[in-house]
Amino acid sequence: MTALTVAGVLLGGALAGCGGAAVPAPGAPAPASPTAPARAAAPSAAPKKPPTMAPGPAGRTPVFERRPTGGGAAGGAAEKAAAEKVVALTLDADMTADQGPRAKAGERFDNPELIALLRRLKVPSTVFMTGRWAEEYPAQAKGIGTDDLFEVANHSYSHHAFTADCYGLPVVAKDAMARDVERAFSAFRRAGVRNVVPYFRFPGGCYDDAALRALTPANVTAVQWDVVSGDAFATDAGAVAEQVLDGVRPGSLVVMHCTRSAAPVTAKAVGRIVPELRKRGYRFVKVSELMEG
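The numbers attached to residues start from 1 for each chain and follow its sequence in the written order. Given that the model is predicted, a residue must reach a pLDDT of at least 70 before its local features are reported, and side-chain atom pairs must reach 80 or more before they are shown or counted; all residues, however, enter totals for whole chains, interfaces and linings. Only hydrogens and water are removed before side-chain values are computed, so all heavy atoms of the structure are retained for them.

Caption draft 1: Main features of the state of the cysteines. Cysteine sulfur pairs qualify as disulfides if the two atoms are within 2.5 Å. The tally for this structure, following the rule as stated, stands at one disulfide. Note on cysteine connectivity: cysteine 166 is disulfide-linked to cysteine 206, with sulfurs 2.1 Å apart. The disulfide joining cysteine 166 to cysteine 206 has a torsion of about 80° about its S-S bond and is therefore right-handed. Highlighted residues: cysteine 166 in the loop between β4 (150–154) and α6 (177–191) and cysteine 206 in the loop between β5 (196–200) and α7 (209–214), separated in sequence by 40 residues. Across the pair, exposure class does not vary: cysteine 166 and cysteine 206 are buried alike. A helix here means a DSSP run of H or I that spans at least four residues, while a strand means a run of E at least two residues long, and both kinds are numbered starting from the N terminus. Working definition: with a 1.4 Å probe on protein chains only, accessible area under 20% of the residue-type maximum means buried, over 50% means exposed, and in between means partly exposed.

The structure is reproduced here in structure tokens:
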């Protein structure tokens, strides 16, 4: 299995030089202005590589849940970083491989109002997107994935489970797991998604040792959470907001959803969560910044 690569975009610019013209002698015809040699182009700044975690024992896929706390001999700076009031808001854009007919019948697995709200509130966020979602909503996927406010991570192609007994989801065969992840990355590329990070979220959050081993060729860091919003199928935005506000600690990672049909009150909850956390002194960051510490 070929290891996954996540394409980046290099931005650079050349600097033009300025030259002076020679002064002609009195009565002599003015010489043509010389062309000043251009200065060498400034080297392009390479895009910052998203941080990842080192593989676990026997090369297992590493798992990140929240910014770790400091302690021991490290102490000091590590503890200060861990105590910084930062929180990562993550959104799962779920759609299973077999939900196409439901989408055609009018069911909405997107939530453009939520994305628009995050833009208005200027909340950096990480969207864990399934490949099937990117195929169903390519314009929205591209819009999210080319907006520097967001980064797009992998939530599998099919949103099928990577373990048995995971909320009734169909199960991906072990030998097909890495291919399922690559298929999602391919869907992102076709949709024009640019800000892709090498992170993966297991559908349903379900994983075991065998799944971590099966994903080793994918070269991704699995990302879980420490704060469950409870927005899936919720009808009370206030209750969702309260659950998040009660659970957030410095370095927390919150899981929410970007699917209107399955999480209809998420936008209203976010509208309450964001100003309250900011009032408490929190700063919102993407997972890549949270992981960087």
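This is not the end of the story, as more comes after the structure.
Caption draft 2: Up close: the pairing of strand β8 (residues 252–257). Most of β8 is tucked away: six of the six residues are buried. Neither face of β8 is left uncovered, since the one carrying Ser252, Val254 and Met256 and the one carrying Leu253, Val255 and His257 both have all their residues buried. Strand pairing requires that DSSP identify at least two bridges connecting the strands. Pairing of strand β2 (residues 86–93) with β8 involves six bridges; the strand directions are parallel. Counterpart to valine 87 in the pairing with β8 is serine 252. Of the strand pairs in this sheet, strand β7 (residues 227–228) and β8 are connected by two bridges, and their pairing is parallel. Residue pairing for β8: valine 227 is matched across the bridge by valine 254. Handedness is read with the strands pointing away from the viewer; a crossover is right-handed when the path from the first strand over the helix to the second is clockwise. Traced from β7 through helix α8 (residues 237–247) to β8, the parallel crossover comes out right-handed.

Caption draft 3: Structural view of the nonpolar core. Nonpolar cores were defined as sets of buried Ala, Val, Leu, Ile, Met, Phe, Trp, Tyr and Cys residues, with membership established by side-chain atoms within 4.5 Å. Leu118, Met129, Trp133, Phe162, Phe188 and Met256 are the most contacted members of the largest nonpolar core, which has 63 residues in total. Looking at which element gives the most residues to this core, the answer is α6, with seven residues. Contact definition: two residues touch when any of their heavy atoms are within 4.5 Å. Aside from chain neighbours lying at most four places away, what touches methionine 129 is Ala93, Ala134, Ala141, Ile144, Val152, Ala153, Asn154, His155, Ser156 and Phe188. Counting 13 residues, the second-largest nonpolar core is a separate cluster that includes Phe64, Ala153, Tyr199 and Met291.

Caption draft 4: Just α6, in detail. Multiplying one less than the number of residues by 1.5 Å gives the expected span of a helix. Between its terminal C-alpha atoms α6 stretches 22 Å, which fits the 21 Å expected from 15 residues at 1.5 Å a residue. All of the buried residues in α6 are Met177, Ala178, Asp180, Val181, Ala184, Phe185, Ser186, Ala187, Phe188 and Ala191. Looking at the buried side of α6, the elements it contacts are β3 (125–129), α4 (131–136), α5 (138–145), β4, β5 and α7. Downstream of α6 by a residue or two, glycine 192 has a phi angle that is positive, lying close to 90°.

Caption draft 5: View of the side chain of histidine 155. Locating histidine 155 in the fold gives a position in the loop between β4 and α6. Looking at histidine 155, its side chain comes within polar contact range of the side chain of aspartate 94, at 2.9 Å. In this structure, histidine 155 is in contact with Asp92, Asp94, Phe128, Met129, Thr130, Phe200, Arg201, Phe202 and Pro203, ignoring residues within four places of it in sequence. By the criterion applied in these results, polar contacts are pairs of N or O atoms within 3.5 Å in which, for protein atoms, one can donate a hydrogen and the other can accept it, and in which residues neighboring in sequence qualify only through two side-chain atoms.

Caption draft 6: Molecular detail of the packing of aromatic side chains. Two aromatic rings, drawn from Phe, Tyr or Trp (for Trp, its six-membered ring), form a pair once their centres lie within 6.5 Å of each other, and the interplanar angle then sorts them: stacked below 30 degrees, edge-to-face above 60, tilted otherwise. Using the criterion set out here, one finds six aromatic pairs in the structure. Through pairs of rings, three or more aromatic residues link up here, namely Phe162, Phe200, Phe202 and Tyr207. Note on geometry: a ring has a charge over it if NZ (lysine) or CZ (arginine) is within 6 Å of the ring centre and within 35 degrees of the ring normal. Here arginine 183 stacks its cationic end above the ring of tyrosine 157, 3.7 Å away from the centre of that ring.

Caption draft 7: Region of interest: the environment of valine 152. Structurally, the position occupied by valine 152 is in strand β4. C-alpha of valine 152 to C-alpha of valine 127: the two residues are 25 residues apart in sequence and 4.9 Å apart in space. For valine 152, the contacting residues outside a window of four places in its chain are Val127, Met129, Ile144, Gly145, Phe188, Val193, Asn195, Val196 and Val197.

Caption draft 8: Spotlight on the packing of helix α3 (residues 112–121) against helix α9 (residues 266–279). Two elements in contact, α3 and α9, have axes separated by 9 Å at closest approach and are oriented at 20°. The orientation of α3 relative to α9 falls into the category roughly parallel. Relative to α9, the crossing made by α3 is right-handed. Contact with α3, carried on its side by Leu114, Leu117, Leu118 and Leu121, involves Thr266, Ala267, Val270, Gly271, Val274 and Arg278 of α9 and no other residues of that element. Of the residues assigned to the contact of α3 with α9, the class counts are seven nonpolar, two polar and one charged. Lines are fitted to the C-alpha atoms to define the axes, a helix being fitted only along its stretch in contact, and any angle between axes, read from their N-to-C directions, falls within 0 to 180 degrees. Small angles under 35 degrees read as roughly parallel and large ones over 145 as roughly antiparallel, with 65 to 115 read as roughly perpendicular and the rest as oblique. The handedness criterion is simple: a crossing whose near helix is rotated anticlockwise from the far helix by less than a right angle is left-handed, and one whose near helix is rotated clockwise is right-handed. When residue character is reported, Ala, Val, Leu, Ile, Met, Phe, Trp, Tyr, Cys and Pro are called nonpolar, Asp, Glu, Lys and Arg charged, and the others, Gly included, polar.

Caption draft 9: Looking closely at the pattern of salt bridges. Any Lys or Arg side-chain nitrogen found within 4 Å of a carboxyl oxygen on Asp or Glu counts as a salt bridge. With the rule as written, the count across this model stands at 19 salt bridges. The shortest N-O distance in the salt bridge between arginine 213 and aspartate 209 comes to 2.8 Å. Here arginine 213 pairs with aspartate 209, and both are found in helix α7, just four residues apart, close to one helical turn. Judged by relative accessible area, which is 40%, arginine 213 ranks as partly exposed.

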